[in-house]
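Residue-level structure breakdown
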Amino acid sequence: MLFLLILLSFGCNTPVEEGEPLLQLRYEEDYTPTYYEVIEMYKLLAKHYAIAELQEYGLTDSGKPLHLFVIDKDKAFNPESSRSSNKQIVLINNGIHPGEPCGIDGSLKYADDLLRNKDGLHDVLDNTVICIIPIYNVGGSLYRSHFHRTNQPGPYEAGYRGNYKNLDLNRDFVKMDTENAKSFASLTRFWNPDVFLDTHTTNGSDHQYCITLIPAQHNSMQSDLGKFFNEKMVPALYVKMKKTPYELIPYPTYSNTNPESGISNYVQTPRYSTGYTQLFNSLSFMTENHCYKPYPDRVKSVNYFITALVEYAHENGDIIRKTRALANEKIKKQEVFALSYELDTSKYASIEFKGYERGEFPSLLTGEMVTDYDHDKPFTRVIPFYNDFEALVTIEKPYYYVLPQAWSEVVERMKINGVEMHRLAKDTSLTVNAYYIENLAPSQGRSNGHFFHDQFSTRTENQVIKYYQGDYFIPTDQECNQFIVNQLEPLGMDSYFRWNFFDNCLENREWFSPNRVLETKMLKYMDDHSELRDMLDQAIKANPELAENRVAQMYFIYQNVWHNKWVNRYPVTRIESEIYLPFD
């Protein structure tokens, strides 16, 4: 019996031998697999390897499920077991824009290589669980064409940017107009990844790099987490990638046509995957492969980055988990939150940038001269990289936010994101701090299915408002405080007010008719309330034309007496200090 136990123990620690590839990927042929081929490949891996499982998390707008491929050495395949085993969780999202499929192929290659223990990759599984979303935008992936992303030199055929609802999923994470986003939120709140990666491809400026990186903006993160992220994790990934054939550079934004003058990071708001996951203290990244580079190189470069990212998580698991845990605790107690930011141009790092000079070339269509990048004239220069932001607007959190049950779409989104809410047990009148929306400028056009409110101001007013049994009270001592504050404060950069979820509050359902019946009522009211008569007299003195305008005087009285206080009053109110409330 003793011999058998020793033998079993020895067998458990025997290194896994490197196996042969199971998948036949064809990215070298400028081919990316279809949605059905991708899912079948992950099914094949899950069937072949006991430490892999393909799961489903809700539906997408196409009616097909959102899949998650989990690699877990312990074969538990759930986050609770992973956390109890002191393992960190890395989540990789692919195919949000299916015309940018490098990550789809790169993740398939990584999963195949990891499971067969290529180059000893199996070691990372000692303390790391890998989760891969094969294709997030299922509907867009099903709509393939040779003419999507036509500026890319491959793959030959790819999916469509919009989803089955023709929305851009990388503008929908927090507003959740799609089933995709709701399923993603449920998945990420359940798994609560320590590290998150979203894979993309970009065009715009041209340079010598095949892959660029957008890390979450560190100043917009919880301070301890942001410091670790910016000073330790991100630099280490650049070092790791420097050792591969594909050096990494910060992302020159799409509109940056002169990157040699400098590159700046930006604060990713919660509409984006990295901005959304950052609200829950995930260490979030977005890769942007350079679309003008050959497709095989784009796949290989993102595969190298995935390898480097997981390797870093494996090597630094303890500090990642401890720093996140500390951030979660501090967020619960944090009093002041930033709602918007501005770039600090006085701070920058000097980085090496490998670009191309520009030249004049005759158009093949018309013969006219066109300015473009000259690939025969590469250069290497030192340029500024701006990566520091200052808070522009800040707010102190209240003790409670009050969310009336009538605004059910917002209630639904709070629930999906795991926000703790208490329901009022009986009708109650309360003194609250209410916002009024003012100076709202009309939206200039549609934005991903909405008319986004970009320019407006607010004022506050203490009021006694009656709330009803079942209305929601949201305490602000939660790990998800960043989500709560950013979404419920109207001035939050991607607040639910900005995305039109509360637009009904801007409309007036009452008005007056300037008839003699109302005029008589107004005169009697002023006889009983001399202060109103004084106000009208002062208004006439300031504006003599008002003296001869009966309707204008009636409007003045209406505005100051009968005007509906609901109009322009933002429905979510604040209770600033602790108070006893009857909850269910």
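The present account deals with the structure reproduced in this document. Fair warning: this is a prediction, and the values are worked out from it, not measured in the lab. (Residues numbered from 1 in each chain as written. Predicted model: local features only at pLDDT ≥ 70, side-chain atom pairs only at ≥ 80, totals over all residues. Heavy atoms only, no water.)

**Describing the overall build of the protein**
When helices and strands are tallied, the protein shows 15 helices and 19 strands. Taken along its principal axes, the extent of the C-alpha atoms in the protein is 100 × 80 × 45 Å. Sorting the 584 residues of the protein into buried and exposed places 54% on the buried side. The long-range fraction of contacts in the protein, counting pairs at least 24 apart against all pairs at least 6 apart in sequence, stands at 79%. Summing over all exposed atoms, the protein offers an accessible surface of approximately 26,900 Å²; the carbon and sulfur share of this is 50%. Charged side chains in the protein number 58 positive and 78 negative. The centres of these two groups are separated by 2 Å. (Helix = DSSP H or I, 4+ residues; strand = E, 2+ residues; numbered from the N terminus. Buried < 20%, exposed > 50% of the residue type's maximum accessible area, 1.4 Å probe, protein only. Contact = heavy atoms within 4.5 Å. Areas by Shrake-Rupley, 256 points an atom, 1.4 Å probe, with all protein chains shown as cover. Lys, Arg positive; Asp, Glu negative; His and termini not counted. Charge placed at Lys NZ, Arg CZ, Asp CG, Glu CD.)

**With respect to the sheet that holds strand 7 (residues 248–250)**
Here eight strands make up an open sheet; going across it, the order is 1-2-4-3-5-9-6-7 and the pairing mixed. Where the open sheet ends on each side, the last strands, each with one partner, are strand 1 (52–59) and strand 7. Averaged over all neighbouring strand pairs, the angle between strand axes comes to 25°, with direction disregarded. Across eight bridges, the pairing between strand 5 (residues 195–202) and strand 9 (residues 283–290) is parallel. Directly across from Thr201, in strand 9, lies its bridge partner Asn289. Here helix 9 (residues 295–315) sits on the sheet in contact with strand 3 (88–93), strand 4 (128–133), strand 5, strand 6 (211–215), strand 7 and strand 9, set at roughly 160° to strand 9. (Pairing = 2+ DSSP bridges. Axes fitted to C-alpha atoms, helices over the stretch in contact; angles between N-to-C directions.)

**Remarks on the layout of surface pockets**
What the largest pocket holds in volume is close to 700 Å³. Forming the walls of the largest pocket are 28 residues, and the residues nearest its centre are Pro404, Trp407, Trp566, Arg569 and Pro571. The leading source of residues in the lining of the largest pocket is strand 17 (residues 457–467), at five residues. Its residues placed into classes, the lining of the largest pocket shows 14 nonpolar, six polar and eight charged. (1 Å grid on protein atoms, 1.4 Å probe; cavity = no way out; pocket = protein on both sides within 12 Å on 5 of 7 lines; lining within 4 Å. Points joined across faces, edges and corners; volume = space filled by probe spheres on them. Nonpolar A, V, L, I, M, F, W, Y, C, P; charged D, E, K, R; others polar.)

**Looking at the sheet that holds strand 8 (residues 263–264)**
Pairing within the open sheet is mixed, and its three strands lie in the order 8-12-11. Strands with a single pairing partner mark the edges of an open sheet, and in this sheet they are strand 8 and strand 11 (349–362). Of the strand pairs in this sheet, strand 8 and strand 12 (residues 369–386) are connected by two bridges, and their pairing is parallel. Its bridge partner being in strand 12, Ser264 is matched across the sheet by Tyr386.

**Some remarks on the pattern of salt bridges**
Counted under the stated rule, the structure contains 43 salt bridges. We note a salt bridge from Lys87 to Asp72, for which the minimum N-O separation is 3.6 Å. Of this pair, Lys87 sits in the loop between helix 3 (79–84) and strand 3 while Asp72 sits in the loop between strand 2 (65–71) and helix 3, and the two are 15 residues apart along the sequence. Like Asp72, Lys87 is buried. Notably, a salt bridge pairs Asp318 with Arg321, separated by 2.6 Å at the nearest N-O pair. (Salt bridge = Lys/Arg side-chain N within 4 Å of Asp/Glu carboxyl O.)

**As for the packing of helix 2 (residues 35–48) against helix 4 (residues 102–115)**
Relative to each other, helix 2 and helix 4 sit at 10°, their axes nearing to 11 Å. Classified by the interaxial angle, the pair formed by helix 2 and helix 4 is roughly parallel. Two secondary-structure elements touch here, helix 2 through Val38, Met41, Tyr42 and Leu45 and helix 4 through Ile104, Ser107, Leu108, Ala111, Asp112 and Leu115. Of the residues that constitute the contact of helix 2 with helix 4, the class distribution is eight nonpolar, one polar and one charged. (Parallel < 35°, antiparallel > 145°, perpendicular 65-115°, else oblique.)

**Focus: the environment of Ser107**
With respect to the secondary-structure elements, Ser107 resides in helix 4. Residue classification places Ser107 among the buried residues on the basis of a relative accessible area of 1%. It is 75 Å that separates the C-alpha atoms of Ser107 and Arg516, two residues lying 409 residues apart in sequence. Residue contacts for Ser107: discarding those within four places in its chain leaves Tyr42, Ile92, Asn94, Ile132 and Ile306.

**Some points on unusual backbone geometry**
The omega torsion across Gly154 and Pro155 is 5°, close enough to zero to call that bond cis. Locating Pro155 in the fold gives a position in the loop between helix 5 (138–142) and helix 6 (179–191). Backbone geometry places Asp30, a non-glycine residue, at a positive phi of 65°. Positionally, Asp30 belongs in the loop between helix 1 (2–12) and helix 2. Take Asp30: its relative accessible area is 28%, and that puts it in the partly exposed class. Backbone geometry places Asn86, a non-glycine residue, at a positive phi of 55°.

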